[in-house]
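# Secondary and tertiary structure notes
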Amino acid sequence: MLNLKGKAVLIVGGGNIAARKIRTLQATGAVITVISPTLSAQIDLQQINWVARAYHPSDLNHANLIFACTDDPTINTAISQAVHAGQWVNNTGDKTQSDFYNMAVAKSGQVTVAISTGGRAPKLAKRIRQLLLLWLIAQPWQRERSERD
Ligand SMILES: C[C@@]1(CC(=O)O)c2cc3[nH]c(cc4nc(cc5[nH]c(cc(n2)[C@H]1CCC(=O)O)[C@@](C)(CC(=O)O)[C@@H]5CCC(=O)O)C(CC(=O)O)=C4CCC(=O)O)c(CCC(=O)O)c3CC(=O)O
Ligand SMILES: NC(=O)C1=CN([C@@H]2O[C@H](COP(=O)(O)OP(=O)(O)OC[C@H]3O[C@@H](n4cnc5c(N)ncnc54)[C@H](O)[C@@H]3O)[C@@H](O)[C@H]2O)C=CC1
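Calculation notes
Residues numbered from 1 in each chain as written. Chains lettered and ligands numbered in written order. Predicted model: local features only at pLDDT ≥ 70, side-chain atom pairs only at ≥ 80, totals over all residues. Heavy atoms only, no water. Helix = DSSP H or I, 4+ residues; strand = E, 2+ residues; numbered from the N terminus. Buried < 20%, exposed > 50% of the residue type's maximum accessible area, 1.4 Å probe, protein only. Contact = heavy atoms within 4.5 Å. Areas by Shrake-Rupley, 256 points an atom, 1.4 Å probe, with all protein chains shown as cover. Patch = residues over 30% accessible without salt bridge, like charges linked within 9 Å, V, L, I, M, F, W, Y side chains within 5 Å. Salt bridge = Lys/Arg side-chain N within 4 Å of Asp/Glu carboxyl O. Lys, Arg positive; Asp, Glu negative; His and termini not counted. Charge placed at Lys NZ, Arg CZ, Asp CG, Glu CD. Arc of directions from axis to C-beta. Polar contact = N/O pair within 3.5 Å; in protein donor to acceptor, adjacent residues only side chain to side chain.

### Description of the overall build of the protein
The secondary structure content of the protein amounts to four helices and seven strands. Starting at the N terminus and walking to the C terminus, you meet the elements of the protein as β-α-β-β-β-α-β-β-β-α-α. The principal-axis extent of the C-alpha atoms belonging to the protein is close to 50 × 35 × 30 Å. Relative to its full complement of 149 residues, the protein shows a buried share of 34%. In the protein, 40% of the contacts between residues at least 6 apart in sequence involve partners at least 24 apart. Of the roughly 9,300 Å² of accessible surface on the protein, a fraction of 55% belongs to carbon and sulfur atoms.

Dropping the structure here:
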């Protein structure tokens, strides 16, 4: 639960995983910059600043939060190692090189439930999220709330 409104978030790489991270970040009001020679069709150009080239270490300047999402483990590692004091990095290909990582989030009405497997089984976290969401939607407080609203 980070408040990322107005924070500078840098995403290196513009593929499938970047697209997923961007979907989650969009709702937070973060200012998102993507550095990548290519961009997945799943990424909405209106929601990000796209710099269409390969990563350069100076790209890290001024970023609050960094996601290394390229398909090149050498680049992802270089990014993890180059972050400055006070910056937090998520190497999406290697949790041992990450200051933080992401949880699966089930949100319904006022309730948010986040699931972590400590990086051991992300697919299981996704499955649990899907089941939890079905359960959450069926709870009486959701109906009471929509009757009140
Ligand atoms: C450490 C972490 C870092 C981070 O990304 O923050 C991480 C790391 C890795 N994930 C890998 C694989 C997959 N990850 C997913 C899905 C999700 N992964 C997410 C989080 C995290 N993934 C963090 C730990 C979370 C935890 O504690 O469990 C979720 C929950 C949230 C999100 O991404 O925002 C999101 C569910 C979204 C949802 O709820 O829908 C799927 C399924 C799919 O894509 O459908 C697969 C295919 C699995 C398969 O096929 O078995 C690999 C192997 C890469 C490779 O080598 O191929 C690594 C690398 C490694 O293990 O270090
Ligand atoms: N954390 C997670 O949930 C998961 C993480 N992964 C990791 O994510 C990595 C990326 O996976 P995908 O997005 O599916 O790959 P992808 O092939 O769809 O995208 C890779 C992107 O990186 C860009 N790129 C490559 N070299 C670059 C450079 N030097 N500078 C800037 N951008 C560069 C490419 O242009 C492309 O846009 C995988 O290699 C794997 O390590 C994979 C599955 C799940």
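That shown, we press on.
### Notes on a positive patch on the surface
Together, Arg20, Arg23, Lys123 and Lys126 give the surface a local cluster of positive charge. With respect to the helices and strands, the residue Arg20 is situated in helix α1 (residues 16-26). Assessed through its relative accessible area of 45%, Arg20 is described here as partly exposed.

### Some details on helix α2 (residues 73-82)
Taken together, the buried positions of α2 are occupied by Asn76, Ile79 and Ser80. On an axial view of α2, the arc spanned by its buried residues comes to 100 degrees, and they lie on one face. Of the exposed residues in α2, those oriented more than 90 degrees away from the buried face are Thr74 and Gln81. Looking at the buried residues of α2, the elements they touch are β1 (8-12), β4 (65-68) and β5 (88-91). Backbone nitrogen of Thr74 and a side-chain oxygen of the N-cap are separated by 2.9 Å at the start of α2; the cap is Asp72.

### Some thoughts on the environment of Lys95
With respect to the secondary-structure elements, Lys95 resides in the loop between β5 and β6 (104-108). A residue is classified by how much of its surface remains accessible, and Lys95, at 37% relative accessible area, is partly exposed. Along the sequence, Lys95 and Gly119 sit 24 residues apart, while their C-alpha atoms lie 6.8 Å from each other. Not counting the four nearest positions on each side in its chain, Lys95 is found in contact with Tyr101, Gly118, Gly119 and Arg120. In terms of polar contacts, Lys95 uses its side chain to reach the backbone carbonyl oxygen of Gly118, at 2.9 Å.

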